[in-house]
Structure formats: C-alpha cells, structure tokens
Amino acid sequence: MTTLPTRHLGTLAVSGQGLGCMGMSHGYGSSDDATSTATLHRALDLGVTLLDTADFYGSGHNEELIGRALTGRRDQAVLATKFGFANKLGEPTRIRGDAAYVRQACEASLRRLGTDHIDLYYQHRVDPEVPIEETVGAMAELVAEGKVRHLGLSEAGARTIRRAHAVHPISALQSEWSLWTRDLEDQIAPVCRELGIGLVPFSPLGRGFLTGRYTSVEGLAESDVRRTQPRFAEGNLERNLAIVDKLDELAGARGVTAGQLALAWVQHQGDDVVPIPGTRREKYLEENIAALGLSLTDEELTAIEAAAPRDQVAGTRYDAGALSVIDR
C-alpha cells in the first residue's frame, strides 16, 4: 500500500486528497457497484484514507456500498458521512437538524456503513429552523458515546461556524471550492483558519467541467444533475469553455491535464485544504492523485487565476432551489 502526504482537519490526520463517493450512487447517471468497489479499493491501495459519503446519496445506497467495500479494510479508512436531508431522492427538500433526528440519522448511517463509529460526521446542510447549538450539542453527545470521532459542517456560513465551534470543536468545513467557485475565500475560509478548522473542498474540478471532458450536456444521462445547473446551460457553457481552453494551454506547458492543474491549484490554497474529487473510475482516480504531487510556483498560480478570473464564470453554481438551502 502506498502512503500519501498527510494533512490535518483540526486534529484529524487524513491523506492530502480524499475521494468523494457521491457519484457512485447519485447525481451523475447510472453506476456499477463492481466498478465503484474496485475504485474504492484502488484508492485505499494508493494511500487515500478519507472517503466521503452521505446518507442522502442514493437514499442510503452509497453508505451501504462503502460499508461493503470496507469489509476487512475499515482500519485503512477515515470514514466521513453526513446527515441533514430528511427527504429521499425525488421528494421535496426537507432539512432537519433537531436533536432527535441527529441521533436517528447517525444510528441509521452506522447500520448501513457496517461500523461502530464514524470518523467525521457532518451536518450536510444547516437547518434554519433549529439553532445550530441544538444540532451540534446532539452531535457532541455522539462523540461522548464513541459513535462519532470528529464533527464537521457542510456549506455553513461564517456566523454559524463560530456558534457551532463554541459548542464543540469543529474539525472540518466541507464546501464547494474550485477555480470557478471561490465565494468562501472572502469570509468563511478566514474564520475557519482563525478557529483551526480544516477545509474540505467538494467539486474541486467543477463537476468535471474543468477537466475539459465536457463540451455539451448532450452526452450526459437524463438523470445527470449537470443538465439542470446554470453553468452548463446554453450561453453560459460556451463562456465557461473559454476558461477551460486557457487552462488547457497552461496545463500543456506543464505536461499535465487541465483537470490536474485545476486540482493542484486547490491543493495549493493551504496545508489545511483536503479536496475530495469524485470519480467512479480508477483511471481518473489515478489522474487526480497525481495532481497531489504537482508543485506550482507563485507565478504559475497567478497565471492560473488570470486564466480563470472568478468574476468571469458564467452562471450560478446551483439552481435557485439548491441555493436556497445553503447557509450564508
């Protein structure tokens, strides 16, 4: 088994890059459990320790998949999962953060994952109807009982993060962060760094767009979430492809792919940053991990940001419904 560089989320040591597992069950069309399991095993073999899932992905399927894949290898993984979406896929969105639901969700996740503890337990989205103190207080009880080791928040705003951390130390904040989604840099990342909270960027490759592999939504499955996202819509797509073309030129000069360059940029945002690019295929897993060893100079980082100016990205990252449940 290979060893990768280690980074810390609070006091939790993890591989410098994790694996986002959502796409193995949800969001990007049909998937094959055998292929996904092989990719999970390959990730462990290559030294990836942080595996990220949620009870919402595939309405529980993703946790069950990972639980089966970790049979006999549980000690090699830092297992992160999330709770908060109280609806199943296809139902109206319902967020719950009340104490009773926190416990109920955790017990269900433990059963599906086939484990006696969760290494990093996130609130997937903040419940606007429940004080964050109640939610994190209930999560802290799970820590005291040994069912959870570390706590995290996902897509939480700066004020919420401060209030949560005052109840129990928060180890990690998971939010979208990439060359085309940079809003957390203004207030949220500084607060996390002040409090010693690690940053876990999801979609660090812009849902695959920054790899240059997607020039149209036509080849995507009907159930692929990108078909409904504004940045992939006609008009916006063409403007965003111009950004990828510039990244591709820079990547070619380094002998790497545009995706590797974009991922390396995220990795270079700080030693407290652990991105979790998602993939179902070993080929792309290996390509992503290779970006962990890509060293960029200050001049290269500046050139990358000039190629992808944050104010030039066309379209919002989610539609209005998905944006409405993000705490800011």
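This structure is a prediction, so every number in the text was calculated from the model and none was measured.

### Concerning the packing of aromatic side chains
And step 1. A complete count under the given rule lists five aromatic pairs for this structure.
And step 2. Geometrically, the ring pair formed by F56 and F85 is stacked, given 4.6 Å between the ring centres and 25° between the ring planes. Taken together, the residues F56 in the loop between β4 (50-52) and α2 (61-69) and F85 in the loop between β5 (78-83) and α3 (99-113) connect sequence positions 29 residues apart. F85 carries the same exposure label as F56, and that label is buried.
And step 3. Between F83 and Y121, the ring centres sit 5.1 Å apart and the planes meet at 35°, which makes this aromatic pair tilted. In this pair, F83 is assigned in strand β5 and Y121 in strand β6 (residues 118-123), connecting sequence segments 38 residues apart. Across the pair, Y121 and F83 agree in class, each one buried.

### Concerning the nonpolar core
Most often, soluble globular proteins keep nonpolar side chains buried together rather than apart.
And step 1. Counting 80 residues, the largest nonpolar core has L19, L40, L51, I161 and L173 as the members making the most contacts within it.
And step 2. Once residues lying within four places of it in the same chain are set aside, the contact partners of I161 are L153, A156, L173, I188, V191, C192, L195 and I197.

### Some words on the environment of L40
And step 1. In this structure, L40 sits in helix α1 (residues 33-45).
And step 2. Relative accessible area serves as the criterion here: at 2%, L40 is assigned to the buried category.
And step 3. The sequence separation of L40 and R162 amounts to 122 residues, and the corresponding C-alpha distance is 34 Å.

### Overview of the side chain of E176
And step 1. Within the secondary structure, E176 sits in strand β8 (residues 170-176).
And step 2. Here T181 takes part through its side chain, which lies 3.2 Å from a polar atom of the side chain of E176.
And step 3. Side chain to side chain, E176 and R317 meet in a polar contact 2.8 Å long.
And step 4. With residues near it in sequence (within four places) discarded, E176 still touches E155, T181, L184, F202, S203, R207, R317 and Y318.

The rules we used
- Residues numbered from 1 in each chain as written.
- Predicted model: local features only at pLDDT ≥ 70, side-chain atom pairs only at ≥ 80, totals over all residues.
- Heavy atoms only, no water.
- Phe/Tyr/Trp six-rings, centres within 6.5 Å; stacked < 30°, edge-to-face > 60°.
- Helix = DSSP H or I, 4+ residues; strand = E, 2+ residues; numbered from the N terminus.
- Buried < 20%, exposed > 50% of the residue type's maximum accessible area, 1.4 Å probe, protein only.
- Core = buried A, V, L, I, M, F, W, Y, C linked by side-chain atoms within 4.5 Å.
- Contact = heavy atoms within 4.5 Å.
- Polar contact = N/O pair within 3.5 Å; in protein donor to acceptor, adjacent residues only side chain to side chain.

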